[in-house]
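# Remarks on the overall topology
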Amino acid sequence: MSTAPAVAVHGLRKNYGKVEAVKGVDFEVAPGEVFGFLGPNGAGKTTTISMLCTLVNPSGGSALVAGHDVVNERDEVRRNIGLVFQDPTLDGYLSAEQNLRFHAELYGVPKNVVGDRIRQVMEMVALWDRKDAKVMTFSGGMKRRLEIARGLLHSPRVLFLDEPTVGLDPQTRSAIWGYINELRRLEDITIFMTTHYMDEAEFCDRIAIIDHGEVVVIDSPEALKASVGKDRVQIHTGDDAKAITALSERFGLEAAVREGAVTFAVASGEEFVPRLFAELGMPITSVSVSRPSLDDVFMSYTGSTIRDAESGADAMSWMRTMARR
Ligand SMILES: Nc1ncnc2c1ncn2[C@@H]1O[C@H](COP(=O)(O)OP(=O)(O)OP(=O)(O)O)[C@@H](O)[C@H]1O
């Protein structure tokens, strides 16, 4: 297996008129990696992935995918990638299998292997028993699964998934992740995906947090959470106000009531708890310690929660829509 990066991006930029959608990003994705691009709506995820897939021309910088330049070697890039985008492009009047056969012809999959490959990818997403059904009869989750199967049909080296689970219910989302995990076990493939679901970013080997067109940080979910440094401690007491004062006076900690409990952040929370019981000077009825989540990571690197950032982006796109009228 090659050790050259599956994706190598240097100073990649995209402007739409005055909007700087992507402001010069740099990153590399190793072969076999599941790499996640995490950011709120409007952060520049789709624009970046579209440039890597040769669907949008960069305004500057460079990108190699499977060793090929996305501007000068578009055909080579396209042959080596699979795409699953937010907007479905399946033909509802054709059966699931016919959709895949059509795709196989477009990509020149050799005739002698098409049948076996179609069966293999459809079994991977548990749709083989529905191969003859028209796609218009499929649920949203089944269509997404079929799109993933189609994206894999020509054995791409890099599979791009743009928000693969957006709009799906939690059960279907978790099933899709089951297939993605199965896929990385069975196929020699690199997966590049975008998401704005924090819980899904946890499944990636590494994630890049992107905000306002810039990559803010790149690392494994574990390392990112560790970089935040502090655990979240929540305690229940008979008198929250008194507990907040005591935490401040005795430990110099800033606490507030969150989700009905006195909440504060502290390094090595588990080691701190025994001291807390001994020195707080009032009874504690329950305590919980949790590690930082990716939400805390996003907050610490961007200064806002992903939801706040999202409503800001929504407001921006609403203003742009109004301005165009
Ligand atoms: N074709 C376009 N013309 C003008 N502006 C665009 C175009 N496509 C994207 N933008 C703008 O570029 C910025 C980045 O958009 P992009 O779709 O890449 O973000 P995103 O992170 O993928 O968001 P989402 O999760 O909503 O898809 C936004 O401000 C968006 O409004």
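Calculation criteria
- Residues numbered from 1 in each chain as written.
- Predicted model: local features only at pLDDT ≥ 70, side-chain atom pairs only at ≥ 80, totals over all residues.
- UniProt positions renumbered as here; feature names shortened; annotations may be inferred.
- Near = placed C-beta within 6 Å.
- Helix = DSSP H or I, 4+ residues; strand = E, 2+ residues; numbered from the N terminus.
- Nonpolar A, V, L, I, M, F, W, Y, C, P; charged D, E, K, R; others polar.
- Pairing = 2+ DSSP bridges.
- Contact = placed C-beta atoms within 7 Å.
- Axes fitted to C-alpha atoms, helices over the stretch in contact; angles between N-to-C directions.
- Core = buried A, V, L, I, M, F, W, Y, C linked by C-beta atoms within 7 Å.
- Buried ≥ 20, exposed ≤ 12 C-beta atoms within 10 Å, placed from the backbone.
- Domains from an automatic or database assignment.
- Parallel < 35°, antiparallel > 145°, perpendicular 65-115°, else oblique.
- Left-handed = near helix turned anticlockwise from the far one by under 90°.

By the naming in an unreviewed UniProt entry, the protein chain is ATP-binding cassette domain-containing protein, taken from Nonomuraea montanisoli. One UniProt comment on the protein chain, placed under Sequence similarities (unreviewed entry), says "Belongs to the ABC transporter superfamily. Drug exporter-1 (DrugE1) (TC 3.A.1.105) family." In the Subcellular location (unreviewed entry) part of its UniProt record, the protein chain is described as follows: "Cell membrane".

## A closer look at the site of the ligand
In the region of the ligand, 13 residues are neighbours, and Y16, A21, N41, T46 and T47 sit closest. At the level of secondary structure, the elements contributing two or more residues to the shell around the ligand comprise β2 (19-29) and α1 (45-52). Here the element with the most residues in the shell around the ligand is α1; it accounts for three residues. In the shell around the ligand, the residues fall into four nonpolar, eight polar and one charged.

## With respect to the sheet that holds strand β4 (residues 60-65)
Strand order in this open sheet of four strands is β2-β1-β4-β5, and the pairing throughout is antiparallel. Two strands lie at the open edges of the sheet, namely β2 and β5 (68-69), each paired on one side alone. As judged from the five bridges shared by strand β1 (residues 7-16) and β4, these two strands associate in the antiparallel manner. Residue pairing in the sheet places V9 in a bridge with A63 of β4. Sitting on the sheet, α1 touches β1, β2 and β4, and the angle it makes with β1 is about 120°.

## Quick notes on the nonpolar core
Judged by nonpolar contacts, the single largest core of 60 residues is most densely connected at L52, V65, A149, V158, F160 and F192. Each of domain 1 (7-225) and domain 3 (294-323) contributes no fewer than three residues to this core. If sequence neighbours within four positions are ignored, V158 has contacts with A6, V7, V65, A66, N80, I81, T190 and F192. Grouped together as the second largest cluster of nonpolar side chains are nine residues, V233, A246, L247 and F264 included.

## What to know about the packing of helix α3 (residues 96-106) against helix α4 (residues 111-124)
The packing of two helices is summarised by the inter-axis angle and the distance between the axes. As a packed pair, α3 and α4 sit with axes 11 Å apart at the nearest point and diverge in direction by 125°. The angle between α3 and α4 places the two elements in the oblique class. The hand of the α3/α4 crossing is right-handed. Contacts from A96, E97, L100, R101 and A104 in α3 reach V114, I118 and M122 in α4. Per-class residue counts for the contact of α3 with α4 are six nonpolar, no polar and two charged.

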